Amino acid sequence: MANVSVAAEWQLLYNRYYRKPELYPLRWKNIDLSRNKVACAPFGGPIAVIRDDSKIVQLYSESALRKLRIFTSSGVLISDTVWKNPGGRLIGMSWTEDQTLICIVQDGTVYRYNIHAELIEPNVTLGKECFEQNVVECVFWGNGVVCLTEGGLLFCIPDFKVMRPCQLAETGAEDLPNCMAVIEPKYTVSGNVEVLVGIGDRILIVDEDGVQTVEGDVVQGLVQKMVVSWDGKFLAIFTHDGRILVTDINFKGVLLEYNCESALPPEQLAWCGLDSVLLYWDDTPLLMVGPRGDPVHYFYDEPLLLIPECDGVRILSNTSLEFLQRVPDSTVSIFKIGSTSPAALLYDALDHFDRRSAKADENLRLIQKSLPEAVEACIDAAGHEFDVSRQRTLLRAASYGQAFCSNFQRDRIQEMCKTLRVLNAVRDPEIGIPLSIKQYKLLTPSVLIARLVNAHRHLLALRISEYVGMNQEVVIMHWACSKITASLAIPDAALLEILLDKLKLCRGISYAAVAAHADKNGRRKLAAMLVEHEPRSSKQVPLLLSIGEEDTALMKATESGDTDLAYLVLFHIWQKKQPLEFFGMIQARPLPRDLFISYARCYKHEFLKDFFLSTGQLQEVAFLLWKESWELGKNPMASKGSPLHGPRIKLIDKAQNLFAETKEHTFESKAAEEHAKLLRIQHELEVSTKQAIFVDSSISDTIRTCIVLGNHRAAMKVKTEFKVSEKRWYWLKVFALATIRDWEALEKFSKEKRPPIGYRPFVEACVDADEKGEALKYIPKLADLRERAEAYARIGMAKEAADAASQAKDGNHRLFCVAPTGHCHWWLGSFPFFPSHLRQQWFDGMLSSFALPQMSLILIFEANVCCVGFSILQRPLKHHSIRDPCWLRVPPTPVDGL
């Protein structure tokens, strides 16, 4: 009997069953759809109602002022507001995908409202042409609209998120279209909006780029109404002779044709899923037409509004909301009268089991092989039911069959139970969101939670998000922000406790975002208390700056150790505070102070000097002045007696005076004084010589340059001014004279008095200049025999080198090379006697640095006695090697001639 009572409510259209359960008896009062403009959001969304100003209606006990009222699908009032918007008559009204109400008035102005009837600024206009010609019709789709003006122009807003109006191509027709339909961008090849316009006996396809005429004889005669299916594949057309046609979107063939009783165009034409089309005229039954068979009539004695959904149509009347849909196949297999399908037998088996009848076991035996399919059908049918008791019975049948089914997915029933609990919760009349399971899957749980949050159903949204395992942060944050907005009378401390009690439920939640909302609402003290609980400095510090808590922000940035945050605070305070106040804030904090100094040293010298002066760090100011003088020296104009040298010297003088004020910087003071003195002398030398080669060189270089240029008086002046020592003076003059190869002056200089540096520098200068004859003048004067031997060896006088070496009894080992002829070729120098394991490595490196003749004999002497000898193989000189890898020890034997 249960099957009979369920199926008795169905209507058969060809071979498909349709049902029309009542979702809600509406709770609103005194709402007449015929007197109002109504906009219903898809997916069980809210209903917007406003009195139709294009009709003359009788006012009962209501105010003469028009009110925009927003209800849930169950008729519960959410919000209302008085309509005071200018722009003329309201032409069209619809909901976007994010449940924003779009209202378009006669002059093309677009007003937007949220679900709480609050106007969203700014308003948008469709353009000057639209303002001049007035809007006469609007066609909405999911997230856009096409408007028709009195002049036949088409304007479009492709996406309400961007709100960028554009004009479509002109049709060129003199008359206004009879009807319009929109193909959404996601269903077009071009990706742009395409508008189907019925003008006369033609159908035009209009987009931004141009106009096309539909070819063929599929549609003949005047078109009075058109509507595109929700998937963009089919088009329903009502013609002038009362026929309803269904074609594909490319007009390649007629899929359905039915002659209606009336040739008048229906007030509403809507798709019911993809299997049938609904037509509604006032004072006539609602007509449903399918591909084949007789149509179905539904009788009403009140005005209706058809709300297309992806799997059916919601039918809104003055008193109720119904859902017309095709009966799912799983439900048909169970509840169809006389059904013997496995699912029907399983459902019947549960009934017998409840009555403790043995018939239950017989049914199970009959469907044993098809038991998994029967269980799945019961689960699927339960998901499509709106009646909770029927859902429960179907799930019990599925659970009963699953007990005898070993290969069925066990968590399938649990998933369906979870889904139905969510759906039943939002279908409650107090919530009023009558989603079907297909709509729920298309909408997704995250969007459903967002809609509940926007409707201020925070508790339900929180429970659903927790139940389905989603992040609760969005819900709790929205609740906190809404609580702050609505709790102006609650003191900050009390409100803080309320907020913290809920915010702590979600780990990692952004307290800074809630604090920012509190500051935006004028509760700066509450914002400061909230931001103290923010664990992330990167979010905490910027907010503290925005609410004027610079000192706290600086402290938090310092504690975080994040230099980027510290710089952010520093620059913010730097711009807002007076310099002395800024200096006082950073002086006691090492990290901000050091960061400021590092930055200012590169970019803000003057400001840094003010800081050092305010803190009494005179030496730091002096160092900055000194650095500035060097920066001036890098200027390309600072050459050839440039006047820029004057400011440089003044800066150094200032630095010297500042250094002199502190006892700890006596050296720096003296150095700055001498630097200034040297710059003056170098500047004078550049002016006199007209050569920019003196400034910024050292004292030694200055003396050497003067000698090279022959200006001995200037060199002596520099020596006297800076108290250059005699040894240093001799070194500089010797090498300077050798540089200019003035050997006569060098010899004369060596004879002025006994040189304090000895004669070795004279020898080295001559040898470096490859003047062996000049070097011989000074080698005999070398007092150190070892140095004399080395000097002779360097100029190739081996015998004299050996004589000097034999006289030097220093115990060092000396290395000589004997040519293949048997005579000593040259002396290679002294060396320490290495341990045996290092000799090979040392000699390989040593020999590779000399260009030795092949087959040369290498002799090592210790105290004038030969102790080791070896020869070089006939190989390329860069591959020196020892013939005997073991060092051959020979008896100590004097060598003739050495």
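Definitions and limits used
Residues numbered from 1 in each chain as written. Predicted model: local features only at pLDDT ≥ 70, side-chain atom pairs only at ≥ 80, totals over all residues. Heavy atoms only, no water. Salt bridge = Lys/Arg side-chain N within 4 Å of Asp/Glu carboxyl O. Buried < 20%, exposed > 50% of the residue type's maximum accessible area, 1.4 Å probe, protein only. Phe/Tyr/Trp six-rings, centres within 6.5 Å; stacked < 30°, edge-to-face > 60°. Helix = DSSP H or I, 4+ residues; strand = E, 2+ residues; numbered from the N terminus. Lys NZ or Arg CZ within 6 Å of the ring centre and 35° of its normal. Contact = heavy atoms within 4.5 Å. Patch = residues over 30% accessible without salt bridge, like charges linked within 9 Å, V, L, I, M, F, W, Y side chains within 5 Å. Areas by Shrake-Rupley, 256 points an atom, 1.4 Å probe, with all protein chains shown as cover. Core = buried A, V, L, I, M, F, W, Y, C linked by side-chain atoms within 4.5 Å.

Asker: In this structure, what is going on with the pattern of salt bridges? I would like to understand it.
Answerer: Between side chains of opposite charge, a pair can form when the charged atoms approach closely. Under the criterion given, the structure shown has 36 salt bridges. With a shortest N-O distance of 3.8 Å, K504 and D501 are connected by a salt bridge. Given the relative accessible area of 38%, D501 is considered partly exposed. Taken together, the shared-partner salt bridges connect R16, D275, R326 and D329 into one network.

Asker: Which parts of the structure should I look at to understand the packing of aromatic side chains?
Answerer: Centre distance and the angle of the planes are the two values used to describe a pair of aromatic rings. Enumeration according to the criterion identifies 14 aromatic pairs in this entry. Between W28 and F71 the ring centres are 5.2 Å apart and the planes differ by 80°, which places this aromatic pair in the edge-to-face class. One end of the pair, W28, is in the loop between β3 (22–25) and β4 (36–40); the other, F71, is in strand β6 (residues 67–71), and 43 residues separate them in sequence. With relative accessibility at 7%, the residue W28 sits in the buried group. For F71, a relative accessible area of 5% gives the class buried. For K719, the ring lying beneath its charged end belongs to W729, and the centroid distance is 5.8 Å.

Asker: What exactly am I supposed to notice about helix α10 (residues 445–454) here?
Answerer: Side chains that are three or four residues apart share a direction in an α-helix, a result of its 3.6 residues per turn. Within α10, the full set of buried residues consists of L448, I449, R451, L452 and V453. On its buried side, α10 packs onto α8 (412–427), α9 (437–443), α11 (458–467) and α12 (473–486). Among the residues trailing α10, H456 stands out with phi positive, at a value near 65°.

Asker: Even after reading the chapter, I still don't get a nonpolar patch on the surface, so can you show me in this structure?
Answerer: Where nonpolar side chains cluster on the molecular surface, the patch consists of Y187, W230, L274 and L442 and spans about 340 Å² of accessible area. If you trace the backbone, W230 turns up in the loop between β20 (223–228) and β21 (234–239).

Asker: Even after reading the chapter, I still don't get the nonpolar core, so can you show me in this structure?
Answerer: Nonpolar side chains in soluble globular proteins generally cluster together in the buried interior. Counting 97 residues, the largest nonpolar core has L346, L448, L452, L499, L503, L530 and F596 as the members making the most contacts within it. Ranked by residues supplied to this core, first place goes to helix α6 (residues 371–383) with 8 residues. Those residues in contact with L346, other than ones at most four positions away along the chain, are L364, I367, L371, A374, V375, C378, A397, Y400 and G401. Listed in part, the 40 residues of the second largest apolar core include V734, F762, L782 and A793.

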